[in-house]
Amino acid sequence: MAPSKIPDGEQRGWIVPIGGAEDKENDTAILRRFLQVSGGRSADIVVIPTASRLADTGDRYEKLFSELGAAQVEVMDFDTRRDCHEPGRVRRIERASGIFFTGGNQIRISTMLGGTPVAQAIRARNAQGVTVGGTSAGASILSEHMIAYGVEGASPRANSVRLAPGLGLTNRVVIDQHFRQRDRLGRLVASLAYNPFAVGIGLDEDTAAFIAPDNTIEVEGSGSVTVVDADGLQFSSMHLVGENEPVCLLGLGVHILTKGATFNLNTRKASAGSLAPPKT
């Protein structure tokens, strides 16, 4: 499932996966920047809380984005797949300048929205320049290859991860969240053993990867983004091992990015960016 085609003369919108537990009370830097790249004071945000089973999740983000200055914020939940076929909901998605998925369970999003007119509209609008982001489960759903389940631990094993189709806004990355806090390096690396084409993005809590229209990752927040690049993979034992056995992987590249550093998904090059001392 390739991302939707970018119309002539347009550029893809920002894709904003957030590692969960973003600051909502003090700094709010991540949510403020999401609002900024969604139109700033003229932003029209649709919040989709489908991943969560908590009744007030959508209302909380509606209040947050409103207090940050969005022109309009609307919560749009989906309880059945039939909801995702309603023309009025599709039209509302098509009017938004930013679409935000809350946390919860990413499988609930994929099984509810996957393949529906609403999902197709979100993909098309991102290709037309609309910002789409999400936190925790809402981050995982954004890519083509989605981590559905997995086990904690630093060592990749054949059964470390289970992949499922996501929304497919990009096919360049596999996203994991709550990364350092829940020790998820092993399952992210295992996902790349199954699909070395992609770049692994591990997002700490209160940390976001702002993927620009030119496919440059910029970091926002208080933690780090772990980038695992399998482009130089020389050997993988994934096809040789039993289900619970460790996997041998040679040639992986790893970068730890904090705010100011960048990674270009086209060139697969990392940069210290504003963290590097100026040349004299």
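Residues numbered from 1 in each chain as written. Predicted model: local features only at pLDDT ≥ 70, side-chain atom pairs only at ≥ 80, totals over all residues. Heavy atoms only, no water.

**Q** Can you break down the environment of Thr-216 residue by residue, with the values?
**A** Checked against the element boundaries, Thr-216 lands in strand E11 (residues 216–221). Along the primary structure Thr-216 and Gly-186 are separated by 30 residues, whereas in three dimensions their C-alpha atoms are 25 Å apart. Apart from residues lying up to four places away in sequence, Thr-216 is in contact with Phe-210, Ile-211, Thr-262, Phe-263 and Asn-264. Here the side chain of Thr-216 touches Asn-264 through a polar contact of 3.5 Å, side chain to side chain. (Helix = DSSP H or I, 4+ residues; strand = E, 2+ residues; numbered from the N terminus. Contact = heavy atoms within 4.5 Å. Polar contact = N/O pair within 3.5 Å; in protein donor to acceptor, adjacent residues only side chain to side chain.)

**Q** Please provide a residue-by-residue account of a nonpolar patch on the surface, values included.
**A** A contiguous nonpolar patch, built from Phe-235, Leu-240 and Leu-250 and spanning about 280 Å² of accessible area, is present on the exposed surface. Here Phe-235 is to be found in strand E13 (residues 235–236). By relative accessible area, Phe-235 is classed as partly exposed at 34%. (Patch = residues over 30% accessible without salt bridge, like charges linked within 9 Å, V, L, I, M, F, W, Y side chains within 5 Å. Areas by Shrake-Rupley, 256 points an atom, 1.4 Å probe, with all protein chains shown as cover. Salt bridge = Lys/Arg side-chain N within 4 Å of Asp/Glu carboxyl O. Buried < 20%, exposed > 50% of the residue type's maximum accessible area, 1.4 Å probe, protein only.)

**Q** Before we move on, can you summarise the sheet that holds strand E16 (residues 262–264) with the specific residues and values?
**A** As summarised here, the arrangement of the nine strands in space is E3-E2-E4-E5-E1-E10-E11-E16-E17, forming an open sheet in which the pairing is mixed. At either margin of the open sheet sits one strand with a lone partner, and together these are strand E3 (72–75) and strand E17 (269–271). Recorded for the sheet is a direction-independent mean angle of 20 degrees between the axes of neighbouring strands. Bridge analysis of strand E2 (residues 44–48) against E3 gives four bridges, and the strand direction is parallel. Bridge assignment links Val-46 to a residue of E3, and that residue is Glu-74. Across the sheet, helix H2 (residues 57–67) is in contact with E2, E3, strand E4 (98–101) and strand E5 (131–135); its angle to E3 comes to roughly 175 degrees. Helix H3 (residues 87–95) rests against E2, E3 and E4 of the sheet, and its axis sits at about 130 degrees to E2. (Pairing = 2+ DSSP bridges. Axes fitted to C-alpha atoms, helices over the stretch in contact; angles between N-to-C directions.)

**Q** Got a sec to walk through the packing of helix H1 (residues 29–37) against H2? Specific residues and values, please.
**A** A pair of packed helices can be characterised by two numbers: the angle between their axes and the separation between those axes. Their axes nearest at 10 Å, the elements H1 and H2 cross at an angle of 70 degrees. By the angle class used here, H1 and H2 are roughly perpendicular. Mapping the contact onto sequence places Leu-31, Phe-34 and Leu-35 in H1 and Tyr-61, Leu-64 and Phe-65 in H2. Looking at the contact of H1 with H2, its residues break down into six nonpolar, no polar and no charged. (Parallel < 35°, antiparallel > 145°, perpendicular 65-115°, else oblique. Nonpolar A, V, L, I, M, F, W, Y, C, P; charged D, E, K, R; others polar.)

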